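Coordinate inspection notes
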Amino acid sequence: MAFIKPNKTKAYFKRFQVKYKRRRAGKTDYRARIRLTTQDKNKYNTPKYRLVVRFTNKDIVAQITYATLAGDIVLTSAYAHELPRYGLKGGLTNYAAAYCTGLLLARRHLKNFELDQEYVGNEQATGEDYNVEEGEGKRPFRALLDVGLVRTTTGNRVFGALKGALDGGLDVPHSEKRFAGYSKEDKSLNAETHRKYILGGHIADYMRVLQLLKEDEPEKYQSHFSGFIKAGVEADNLAEMYTSVHAAIRADPTQQKTEKKAPAEKRKWKIQKLTYEERQAALVKRLNAVNGDNDE
Amino acid sequence: MPAGHGLRSRTRDLFSRPFRHKGYIPLTTYLRTFKVGQYVDIKVNGAVHKGMPHKFYHGRTGIVWNVTKRAVGVVMNKQVGNRIIQKRLHVRIEHVQPSRCREEFLERRKSNDLKKAEAKAKGETVNLKRQPAGPRAGFVLDSSTLETVTPIPYDVVNDLKGGY
């Protein structure tokens, strides 16, 4: 093979500055993080709470966090995989499920801080822009939405979660511009459309479309909505199902701790070094094997 | 054209970021809180252009007298001519670090207070003053043997190299 001059010489590596670990992993946007976590210095140790919403392929994570020098502390968290407990069997990462997760997080958080009686939020999911009003006693809990690395387009699921948290009673500064159903031409939010998305109306429509196509592609409906089919949910039942999930969440938002058994043997991550005796024994064994071969 | 004496003149190396530490600043700088009366060091961070102090103050230590939204007011002394003036600056947090100059003193004060309290309880007196390190202690050499070394008389015949 011909001599290929290496592109990345030793000098290149010597001068290479790595980005922060979480940036290399592509998980944290430091520009946004600096702006979300810095507190005014004349507010000293008052924490700045963030409503963190992240989507994975099969789950939604919603947390209320604040930053400290030692690391971020999570006050409350809610996951979409908890929603089956409240009656939601399928579609755990859609707009409606995001709304449910946000709602769950808000109700759970307010309950932990004993604000849930005072700040009931919006009990009917109307889709209109709702802002918590200051009550008699304590002020409403304020958090800032932390979207992560998501592109904030109109109708994004993070805003579904935001709407859930708002209706749950949290005070999150926001604009209605990015909710599903906002029209750029009219410059207004169509509450009806937004309500449709919150109650899974867009999903119901697609289900109906696939039902009609059953002659051409019989498998498609099955493959897309297997979760709903197993739970016996039809396109018409969806809105009801979501409203009952909302009610169930409001009834009991407490977090259930899963029972985790302590493993029988503690798993050791550090590769244990052999002791001197073990190394000597291994050497003797190897020498014997070599000498044995030589004899033969 | 002469060199000029602008605000940031002669700061090419002083304000430059250290090797392989360019770019975003770690969050600790933003999460620290400062209280009035605290000692702080001024160390300019060239990556942040706002709220930079003048190069004279780089490396100086002062006391916080004011805390604003994103900056701290620092008091420090500067010699001007034949006198020292107290100067009040406002510096952004990125250029300020909490000073450790008081750390040793405060720790010593704490331990001294404890020792004083202990001694008082027992009724003894204790000397809390710091003593400078004195000369090394004397010692006696006993298990050493004496070996007298004398030079060998110069032998012309044998010592001359290469023969004569």
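Calculation rules
- Residues numbered from 1 in each chain as written.
- Chains lettered and ligands numbered in written order.
- Predicted model: local features only at pLDDT ≥ 70, side-chain atom pairs only at ≥ 80, totals over all residues.
- Heavy atoms only, no water.
- Helix = DSSP H or I, 4+ residues; strand = E, 2+ residues; numbered from the N terminus.
- Rg over C-alpha atoms; globule rule 2.2 N^0.38 Å.
- Buried < 20%, exposed > 50% of the residue type's maximum accessible area, 1.4 Å probe, protein only.
- Contact = heavy atoms within 4.5 Å.
- Lys, Arg positive; Asp, Glu negative; His and termini not counted.
- Charge placed at Lys NZ, Arg CZ, Asp CG, Glu CD.
- Pairing = 2+ DSSP bridges.
- Axes fitted to C-alpha atoms, helices over the stretch in contact; angles between N-to-C directions.
- Salt bridge = Lys/Arg side-chain N within 4 Å of Asp/Glu carboxyl O.
- Buried area = accessible area lost by both parts, 1.4 Å probe.
- Polar contact = N/O pair within 3.5 Å; in protein donor to acceptor, adjacent residues only side chain to side chain.
- Parallel < 35°, antiparallel > 145°, perpendicular 65-115°, else oblique.
- Left-handed = near helix turned anticlockwise from the far one by under 90°.
- Nonpolar A, V, L, I, M, F, W, Y, C, P; charged D, E, K, R; others polar.
- UniProt positions renumbered as here; feature names shortened; annotations may be inferred.
- Phe/Tyr/Trp six-rings, centres within 6.5 Å; stacked < 30°, edge-to-face > 60°.
- Patch = residues over 30% accessible without salt bridge, like charges linked within 9 Å, V, L, I, M, F, W, Y side chains within 5 Å.
- Areas by Shrake-Rupley, 256 points an atom, 1.4 Å probe, with all protein chains shown as cover.
- pLDDT = per-residue confidence, 0-100.
- Core = buried A, V, L, I, M, F, W, Y, C linked by side-chain atoms within 4.5 Å.

**Structural notes on the overall build of chain B**
Scanning chain B from terminus to terminus reveals three helices and five strands. Element order for chain B, N to C, with α for helix and β for strand: α-β-β-β-β-β-α-α. For chain B, the C-alpha radius of gyration of 30 Å lies well beyond 15 Å, the compact-globule estimate for 164 residues. Burial analysis of chain B (164 residues in total) assigns 22% to the buried set. Nonlocal contacts in chain B, meaning residues at least 24 apart in sequence, comprise 54% of its contacts between residues at least 6 apart. On chain B, the mean spot of the 32 positive side-chain charges and the mean spot of the 13 negative ones are 22 Å from each other.

**Some words on the sheet that holds strand β5 (residues 96-98) of chain B**
All names here are of chain B. Spatial strand order, β4-β3-β2-β1-β5: five strands in an open sheet with antiparallel pairing. One side of each edge strand has no neighbouring strand; the edge strands of this open sheet are β4 (83-92) and β5. Each strand axis lies, on average, 45° off the axis of its neighbour in the sheet, ignoring direction. Bridge count for strand β2 (residues 61-67) against strand β3 (residues 71-80) is four bridges, and the pairing is antiparallel. Among the inter-strand pairings, Val 64 is bridged to a residue of β3, identified as Val 74.

**Section: the pattern of salt bridges**
All names here are of chain A. Under the definition given, this model contains 15 salt bridges over all chains. The salt bridge involving Asp 72 is made with Arg 33; its shortest N-O contact spans 3.0 Å. Pair noted here: Asp 72 is in strand β3 (residues 71-79) and Arg 33 is in helix α3 (residues 30-37), with a separation of 39 residues, a long-range link. Using a relative accessible area of 18% as the deciding quantity, one classes Arg 33 as buried. Across the pair Asp 146 and Arg 50 runs a salt bridge whose closest N-O atoms are separated by 3.0 Å.

**Here's the deal with the interface of chain A and chain B**
Contacts between the two partners involve 20 residues from chain A, matched on the other side by 20 residues from chain B. Carbon and sulfur atoms make up 62% of the surface buried where chain A meets chain B, a total of about 2000 Å² over both sides. Here Arg70(B) ties to Asp40(A) by a salt bridge, and the two come within 3.2 Å at their closest N and O atoms. The interface formed by chain A and chain B holds seven residue pairs in polar contact (both at pLDDT 80 or more) in total.

**Observations concerning the packing of helix α4 (residues 95-112) of chain A against helix α10 (residues 238-251) of chain A**
Residues and elements named next belong to chain A. As a packed pair, α4 and α10 sit with axes 9 Å apart at the nearest point and diverge in direction by 15°. Here α4 is positioned roughly parallel relative to α10, judged by the angle of their axes. The way α4 lies across α10 gives a crossing that is right-handed. Contact residues: α4 offers Ala 96, Ala 97, Tyr 99, Cys 100, Leu 103, Leu 104 and Arg 107, while α10 offers Tyr 242, Val 245, His 246, Ile 249 and Arg 250. Per-class residue counts for the contact of α4 with α10 are nine nonpolar, one polar and two charged.

**Comments concerning the UniProt feature "domain: Large ribosomal subunit protein uL18 C-terminal eukaryotes" (unreviewed entry) in chain A**
Look at the UniProt record and you will see "domain: Large ribosomal subunit protein uL18 C-terminal eukaryotes" (unreviewed entry) annotated at residues 238-291 of chain A. Between the C-alpha atoms that bound residues 238-291 of chain A there is a distance of 77 Å. The span itself is 56% helix and 0% strand.

**A word on the packing of aromatic side chains**
Residue and element names in this part refer to chain A. For the coordinates displayed, the defined rule picks out eleven aromatic pairs over all chains. On the numbers, 5.8 Å between centres and 75° between planes, the contact of Tyr 95 with Tyr 197 is edge-to-face. Highlighted residues: Tyr 95 in helix α4 and Tyr 197 in helix α6 (residues 191-198), separated in sequence by 102 residues. Overall, the relative accessible area of 3% leaves Tyr 95 in the buried class. Relative accessible area serves as the criterion here: at 27%, Tyr 197 is assigned to the partly exposed category. With 5.8 Å between their ring centres and 50° between their planes, Tyr 221 and Phe 225 make a pair best called tilted. For Tyr 221, a relative accessible area of 5% gives the class buried. Members of the aromatic cluster, connected to one another through ring pairs, are Tyr 49, Tyr 66, Phe 113 and Phe 141.

**Brief notes about the packing of α4(A) against helix α5 (residues 157-168) of chain A**
Residue and element names in this part refer to chain A. Here α4 crosses α5 at 35°, and the two axes come no closer than 6 Å. For the pair α4 and α5, the sense of crossing is right-handed. Contact residues: α4 offers Tyr 95, Ala 98, Tyr 99, Gly 102, Leu 103, Ala 106, Arg 107 and Leu 110, while α5 offers Arg 157, Phe 159, Gly 160, Ala 161, Lys 163, Gly 164, Ala 165, Asp 167 and Gly 168. A per-class count over the contact of α4 with α5 returns nine nonpolar, four polar and four charged.

**Brief notes about a positive patch on the surface**
All names here are of chain A. Together, Lys 21, Arg 22, Arg 24 and Lys 27 make up a region of like positive charge exposed at the surface. Its place among the elements puts Lys 21 in helix α2 (residues 21-24). Judged by its relative accessible area of 63%, Lys 21 is exposed.

**Observations regarding the confidence of the model for chain B**
In the predicted model, chain B carries a mean pLDDT of 91, and 96% of its residues have values of at least 70. With pTM at 0.82, the complex prediction returns an ipTM value of 0.76.

**Digging into the nonpolar core**
In terms of nonpolar packing, the biggest core is built from 57 residues, with Leu51(A), Leu83(A), Phe228(A), Leu238(A) and Tyr242(A) touching the most fellow members. Looking at this core, the elements that each hand over two or more residues are β1 (50-55), β2 (60-68), α4, α5, α7 (201-212) and α10 of chain A. Residue contributions to this core peak at eleven residues, all from α4(A). Leave out the neighbours within four places in its chain, and Tyr242(A) touches Leu88(A), Gly91(A), Asn94(A), Ala96(A), Ala97(A), Cys100(A), Ile198(A), Leu199(A), Gly200(A), Ile203(A) and Phe228(A). Ranked by size, the runner-up nonpolar core spans 13 residues in total, among them Ile42(B), Tyr57(B), Ile93(B) and Val96(B).

**Some remarks on α3(A)**
Taken together, the buried positions of α3(A) are Tyr30(A), Arg33(A), Ile34(A), Leu36(A) and Thr37(A). Packing partners of the buried residues in α3(A) comprise α2, β1, β2, β3 and β4 (144-146) of chain A together with α1 (28-31) of chain B. For α3(A), the N-terminal capping position is held by Asp29(A), with its side-chain oxygen 3.3 Å away from the main-chain nitrogen of Arg31(A).

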